[in-house]
Amino acid sequence: MLDATGIPTKEDLERVFPTEERLMQGPTVIVECYQNIPCNPCYTVCRTGAIKEFADINDLPTVDHSLCNGCSLCVSNCPGLAISILDMTYSEDEALLKIPYELIPLPKPNQIVKGLDREGVEVTDVKVIKVIDSKALDKTPIIAIAVKKQYAKIIRSIRLEE
Amino acid sequence: MIPVEILVIGGGPAGLCAAVQAAEMGSKVLIVDRNNTLGGQLVKQTHMFFGSEKQYASTRGFDIANILLDKIDKMKNVEIMRKATVLAIYEDGVVSLEHKDKYIKIKPKAIVVATGASEKNLAFPNNDLPGIYGAGAVQTLMNEYGVKPGNRVLMIGAGNIGLIVSYQLIQAGVRVEAIVEAAPTIGGYLVHASKVRRMGVPILTGYSIKEAYGTDSLESAAIWKLDENWRGIPGTEKKLNVDVICISVGLSPLSELLWQAGCQMKYIHELGGFVPVRDTNLHSSVKGLFVAGDVAGVEEASSAMVEGYIAGMSAAAYLGYKLYNMKLVKEDLMNQLDSLRHGPVGEKIRRGISNLTIEHEAAASVDAL
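Residues numbered from 1 in each chain as written. Chains lettered and ligands numbered in written order. Predicted model: local features only at pLDDT ≥ 70, side-chain atom pairs only at ≥ 80, totals over all residues. Heavy atoms only, no water.

- If you check an unreviewed UniProt entry, chain B appears there as FAD-dependent oxidoreductase from Alkaliphilus pronyensis.

- In the annotation of an unreviewed UniProt entry, the entry for chain A reads 4Fe-4S ferredoxin, and the organism field reads Alkaliphilus pronyensis.

Quick look at the structure:
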């Protein structure tokens, strides 16, 4: 499916999402990397040891979610823009999702934007909390959005109102 | 006749790395490139590269070009000739080129051919309408000259170039109506596919273009579903209102100079067409002529860079230059190539190269040390 459409299936996603128990403990990384390609910057940039060293550079990343503190360094370092950070403890009914975003104009904090799923379909409105565009991110800004918890695993992109 | 030690033809990722390595070993290098700026296709690559740190993973292509050019800038034994088109390699080793409207002959002691590849075209009715481009041309327009190619694009081909250029088009504010791919699956990296898909671009596998329409320029296009024999199925046509069609159906090695030099060539489908047979040091069947990058087989830029280092090292060693730890450096480069090609995506590259490698007497120059 994924290799015919570019859309990960439910099963694909289940393989990379941490347990519900882990998600309730605070921010952690979601690495949507499903294909064995020669690439390892997520490991080389990881400072907490959560993303394990690759035995073969073509391996899929191995993540120890108990070591990840959601620092986001890997988000803008992944050449495939395949990494996001999900914090299900953000508020009573909202999760905080940090995604890479390489379009201009950038959204502004507090702006309401469209939340898109992995097919690019508008699902619900989301609120931009923070826009990080430091030099260290090297032109891959990170947008933190507050998402209603039931959509936290569905939203993966945003679209600004035209 | 200008005497030259090592002539590097082509200043893309492979050629630049070949020059760096050969110069580090002490040889004098001349890089010739037909463009005004060096870097080859790197200069248009705005995305981060894959691979490992050794191939500048996570760094953007144009930044990699600058890193390599900065390195070369600091080397006193590398000369660069821009806007110089190599016209011929003769059997006596003389190379002729056109530079500033002058016909120049040079006599190198060794040559690294790193001419890259050119885009394949696709035959369909009205494919000569203005508005129909190769993906590389669209990249040049957008990323080098800042010119928007149009407003609504149909991308043909879901290999890495098709997917990456689609993403860049969206970044430039252009709408990509669809990406069609004749094969049943996406050829490029799936992370690139997912990236454009979640921005709303449909990727239609098992689809191709039927026909383009327009009077003075492209106005629309019809796509249709393909059967298992890759023939269009009547009745499945969809019409798309597009003013740009971008063709990205693969590359073939730019190997004319190798043919002319008398290199033994072999047709290897997996590597994009006719490619030179060579030994593991990238020494071709012609003594003193080395190859690197897409001209030796179409692959990723990361492997082109590693091949460049290897070819540069082999050329310098062929002339007697040494490096105190040459064996170690070479081993590391070989390991890098192996690991880049080790995965399932590299499988066809490995298959292709295994049909191509020759034992070479002259190859001993690197290994003997």
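More follows now that the structure is in view.
### A word on the overall build of chain B
And then number 1: Of the regular secondary structure elements, chain B holds 10 helices and 19 strands.
And then number 2: In terms of overall dimensions, chain B is globule-like: its C-alpha atoms have a radius of gyration of 21 Å, near the 21 Å expected for 369 residues.
And then number 3: Projecting the C-alpha coordinates of chain B onto the three principal axes gives extents of approximately 65 × 45 × 35 Å.
And then number 4: Here the analysis covers contacts within chain B between residues at least 6 apart in sequence; of these, 63% occur between residues at least 24 apart.
And then number 5: Here chain B holds 37 positive side-chain charges and 38 negative ones, and the gap between their average locations is 3 Å. (Helix = DSSP H or I, 4+ residues; strand = E, 2+ residues; numbered from the N terminus. Rg over C-alpha atoms; globule rule 2.2 N^0.38 Å. Contact = heavy atoms within 4.5 Å. Lys, Arg positive; Asp, Glu negative; His and termini not counted. Charge placed at Lys NZ, Arg CZ, Asp CG, Glu CD.)

### So, the sheet that holds strand β3 (residues 94-100) of chain A
All names here are of chain A.
And then number 1: Pairing is antiparallel across the open sheet formed by 7 strands, whose spatial order is β1-β2-β3-β6-β5-β4-β7. Looking at strand neighbours, the two that pair on one side only are β1 (28-31) and β7 (157-159), the edges of this open sheet. Averaged over all pairs of adjacent strands, the angle between their axes in this sheet comes to 40°, without regard to strand direction.
And then number 2: One ladder, built from 7 bridges, connects β3 with strand β6 (residues 142-148); its direction is antiparallel. Note that in β6 the partner of Leu97 across the bridge is Ile145. (Pairing = 2+ DSSP bridges. Axes fitted to C-alpha atoms, helices over the stretch in contact; angles between N-to-C directions.)

### Describing the pattern of salt bridges
And then number 1: Scanning all chains against the criterion turns up 16 salt bridges over all chains.
And then number 2: Residue B:Glu307 pairs with B:Arg341 through a salt bridge whose shortest N-O separation is 2.8 Å. Here B:Arg341 lies in the loop between α8 (326-340) and α9 (347-354) and B:Glu307 lies in helix α7 (residues 301-318), a separation of 34 residues in the sequence. Residue B:Glu307 shares its accessibility class with B:Arg341, and that shared class is buried.
And then number 3: Across the pair B:Glu347 and B:Arg351 runs a salt bridge, and its minimum N-O distance is 3.3 Å. Residue B:Glu347 and its partner B:Arg351 are both found in helix α9; the two are separated by 4 residues, about one turn of the helix.
And then number 4: Residues joined in a network through salt bridges with shared partners are A:Glu102, A:Asp138, A:Lys139 and B:Arg60. (Salt bridge = Lys/Arg side-chain N within 4 Å of Asp/Glu carboxyl O. Buried < 20%, exposed > 50% of the residue type's maximum accessible area, 1.4 Å probe, protein only.)

### Describing the confidence of the model for chain B
And then number 1: Overall, the prediction assigns chain B a mean pLDDT of 95, with 97% of residues at 70 or greater.
And then number 2: Taken together, the chains of this predicted complex give a pTM of 0.95 and an interface ipTM of 0.97. (pLDDT = per-residue confidence, 0-100.)

### Looking at α8(B)
Every α-helical turn comprises 3.6 residues, leaving residues that sit three or four positions apart pointing alike.
Residues and elements named next belong to chain B.
And then number 1: Counted at 1.5 Å a residue, the expected span for α8 with its 15 residues is 21 Å, and the 21 Å between its end C-alpha atoms agrees.
And then number 2: Within the span of α8, buried status applies to Met326, Lys330, Leu333, Gln336, Leu337 and Leu340. For α8, the angular spread of buried residues about the axis comes to 120°, placing them on one side. When the buried face of α8 is taken as reference, the exposed residues oriented beyond 90 degrees from it are Lys327, Leu328 and Asp338. (Expected span 1.5 Å × (residues − 1). Arc of directions from axis to C-beta.)

### Brief notes about the sheet that holds strand β15 (residues 244-247) of chain B
Residue and element names in this part refer to chain B.
And then number 1: Overall, parallel pairing links the 5 strands, which are arranged β8-β15-β9-β10-β11 in an open sheet. Edge positions in the open sheet fall to β8 (132-134) and β11 (203-205), since each of these has one partner strand only. Adjacent strand axes in the sheet meet at a mean angle of 20° when their direction is disregarded.
And then number 2: Note: strand β10 (residues 175-181) against β11, 3 bridges, orientation parallel.

### Description of empty space enclosed by the protein
A water-sized probe rolled over the atoms picks out the places where empty space is left.
Residue and element names in this part refer to chain A.
And then number 1: Following the criterion strictly, the structure yields 4 cavities of 30 Å³ or more and no others.
And then number 2: Taken as a whole, the largest cavity holds about 150 Å³ of empty space.
And then number 3: Lining the largest cavity are 20 residues, with Cys33, Cys39, Cys42, Pro61 and Cys78 sitting closest to its centre.
And then number 4: Of the residues contributing to the lining of the largest cavity, the split by class is 15 nonpolar, 4 polar and 1 charged. (1 Å grid on protein atoms, 1.4 Å probe; cavity = no way out; pocket = protein on both sides within 12 Å on 5 of 7 lines; lining within 4 Å. Points joined across faces, edges and corners; volume = space filled by probe spheres on them. Nonpolar A, V, L, I, M, F, W, Y, C, P; charged D, E, K, R; others polar.)

### With respect to the packing of aromatic side chains
Residues and elements named next belong to chain B.
And then number 1: By the definition in use, this model includes 5 aromatic pairs over all chains.
And then number 2: Between Tyr267 and Phe274 the ring centres are 5.3 Å apart and the planes differ by 75°, which places this aromatic pair in the edge-to-face class.
And then number 3: With a relative accessible area of 37%, Phe274 lands in the partly exposed category.
And then number 4: Geometrically, the ring pair formed by Phe290 and Tyr318 is edge-to-face, given 5.7 Å between the ring centres and 70° between the ring planes. With Phe290 in strand β19 (residues 289-291) and Tyr318 in helix α7, this pair connects stretches of sequence that are 28 residues apart.
And then number 5: Using a relative accessible area of 1% as the deciding quantity, one classes Phe290 as buried.
And then number 6: The ring of Tyr167 has Lys195 sitting right over it, with the charged end atom 4.1 Å from the ring centre.
And then number 7: The side chain of Lys210 reaches across the aromatic face of Trp224, ending 5.0 Å from its centre. (Phe/Tyr/Trp six-rings, centres within 6.5 Å; stacked < 30°, edge-to-face > 60°. Lys NZ or Arg CZ within 6 Å of the ring centre and 35° of its normal.)

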